[in-house]
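Report on the structure
In case you want the letters, here they are:
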Amino acid sequence: MAPEKSGAMSLDALAPDRELHLWPHRSLSAPGFVGFISITAALSAVPLLAVLGTGAIWILLPLVSIAVAGIWWALLRNNRDAQVYEVLSLDKDLATLRHRAADGTEQCWQANPHWVRIELHPTIGPVPNYLTLKGGPREVELGAFLSADERVALARDLTQLLASLR
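1. Description of the overall build of the protein chain
- Scanning the protein chain from N- to C-terminus turns up three helices and eight strands.
- Along the protein chain, helices and strands appear, N-terminal first, in the series β-β-α-α-β-β-β-β-β-β-α.
- Among the 166 residues that make up the protein chain, the fraction classed as buried is 32%.
- Counting only contacts in the protein chain whose residues sit at least 6 apart along the sequence, the fraction spanning at least 24 positions is 44%.

Here you go:
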């Protein structure tokens with residue numbers, strides 16, 4: 001199996017066990033956030049220079065401040081929502097999927113890997129190439145935050161990995 005898949009998933013071979021870590025792509029680091037907000041605030045202030053010393057600045061200044069604050073809030077919200085991650089552990093006796101949501105709640109699913117099936121639904125589901133694991137009485141989604149191409153590659157790799165464990 002490949003040791004690294006894009007920026008959103010990695011498969012670590014732990015003989016004889018396997019563990020897959022999935023997380024959403026995050027392109028904006030903390031220093032990048034500070035830089036982006038600083039540049040946005042500075043560039044938003046440039047038009048204010050034209051009305052400096054007039055009464056119009058008191059109309060435009062709150063509007064520019066609200067716009068920058070809105071961008072700040074949206075980026076912070078996006079960063080919080082990107083705290084989702086999933087860990088799929090596979091060995092010969094047990095398959096375990098642990099999912100941590102953005103709000104911090106965790107869910108756990110377990111099944112016998114011999115009965116686990118990988119199902120890729122190209123058109124059915126909330127996202128294209130919807131990927132699910134079936135085993136036991138439940139069906140759970142896997143990697144909903146990944147791109148459609150990443151889900152296809154993940155399904156192919158997991159199918160091969162499960163076949164090697166059987």
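The rest of the description comes next.
2. Observations concerning empty space enclosed by the protein
- Tallied over the entire structure, the rule returns two cavities of 30 Å³ or more.
- Residue lining of the second largest cavity: L88, L90, A95, V116, I118, L133, L158 and L162, and that is the complete set.
- Residue assignment for the lining of the second largest cavity shows that the elements contributing at least two residues are strand 3 (85-90) and helix 3 (148-165).
- Across the lining of the second largest cavity, the residue classes break down as eight nonpolar, no polar and no charged.

3. Structural notes on the nonpolar core
- Membership of the largest hydrophobic core comes to 21 residues, with the highest contact counts inside it found for L88, L90, L133, L142, L154 and L158.
- Mapped by element, the contributors of at least two residues to this core are strand 2 (17-22), strand 3, strand 4 (95-100), strand 5 (106-111), strand 7 (130-135) and helix 3.
- Per-element tally for this core: the top contributor is helix 3, with six residues.

4. Overview of the packing of helix 1 (residues 30-49) against helix 2 (residues 57-81)
- Where helix 1 contacts helix 2, the axes come no closer than 10 Å and their chain directions differ by 160 degrees. Looking at the two axes, helix 1 sits roughly antiparallel to helix 2. Once helix 1 is placed against helix 2, the crossing between them reads as right-handed. Contact with helix 1, carried on its side by F33, F36, I37, T40, A41, S44 and L48, involves I57, L60, L61, V64, V68, I71, W72, L75 and L76 of helix 2 and no other residues of that element.

5. Notes on a nonpolar patch on the surface
- Together, I39, L43, V46, L49 and L52 line one region of the surface with nonpolar side chains, adding up to about 530 Å² of accessible area.
- Looking at where L49 falls in the secondary structure, it is placed in helix 1.

Cut-offs and rules
- Residues numbered from 1 in each chain as written.
- Predicted model: local features only at pLDDT ≥ 70, side-chain atom pairs only at ≥ 80, totals over all residues.
- Heavy atoms only, no water.
- Helix = DSSP H or I, 4+ residues; strand = E, 2+ residues; numbered from the N terminus.
- Buried < 20%, exposed > 50% of the residue type's maximum accessible area, 1.4 Å probe, protein only.
- Contact = heavy atoms within 4.5 Å.
- 1 Å grid on protein atoms, 1.4 Å probe; cavity = no way out; pocket = protein on both sides within 12 Å on 5 of 7 lines; lining within 4 Å.
- Points joined across faces, edges and corners; volume = space filled by probe spheres on them.
- Nonpolar A, V, L, I, M, F, W, Y, C, P; charged D, E, K, R; others polar.
- Core = buried A, V, L, I, M, F, W, Y, C linked by side-chain atoms within 4.5 Å.
- Axes fitted to C-alpha atoms, helices over the stretch in contact; angles between N-to-C directions.
- Parallel < 35°, antiparallel > 145°, perpendicular 65-115°, else oblique.
- Left-handed = near helix turned anticlockwise from the far one by under 90°.
- Patch = residues over 30% accessible without salt bridge, like charges linked within 9 Å, V, L, I, M, F, W, Y side chains within 5 Å.
- Areas by Shrake-Rupley, 256 points an atom, 1.4 Å probe, with all protein chains shown as cover.
- Salt bridge = Lys/Arg side-chain N within 4 Å of Asp/Glu carboxyl O.

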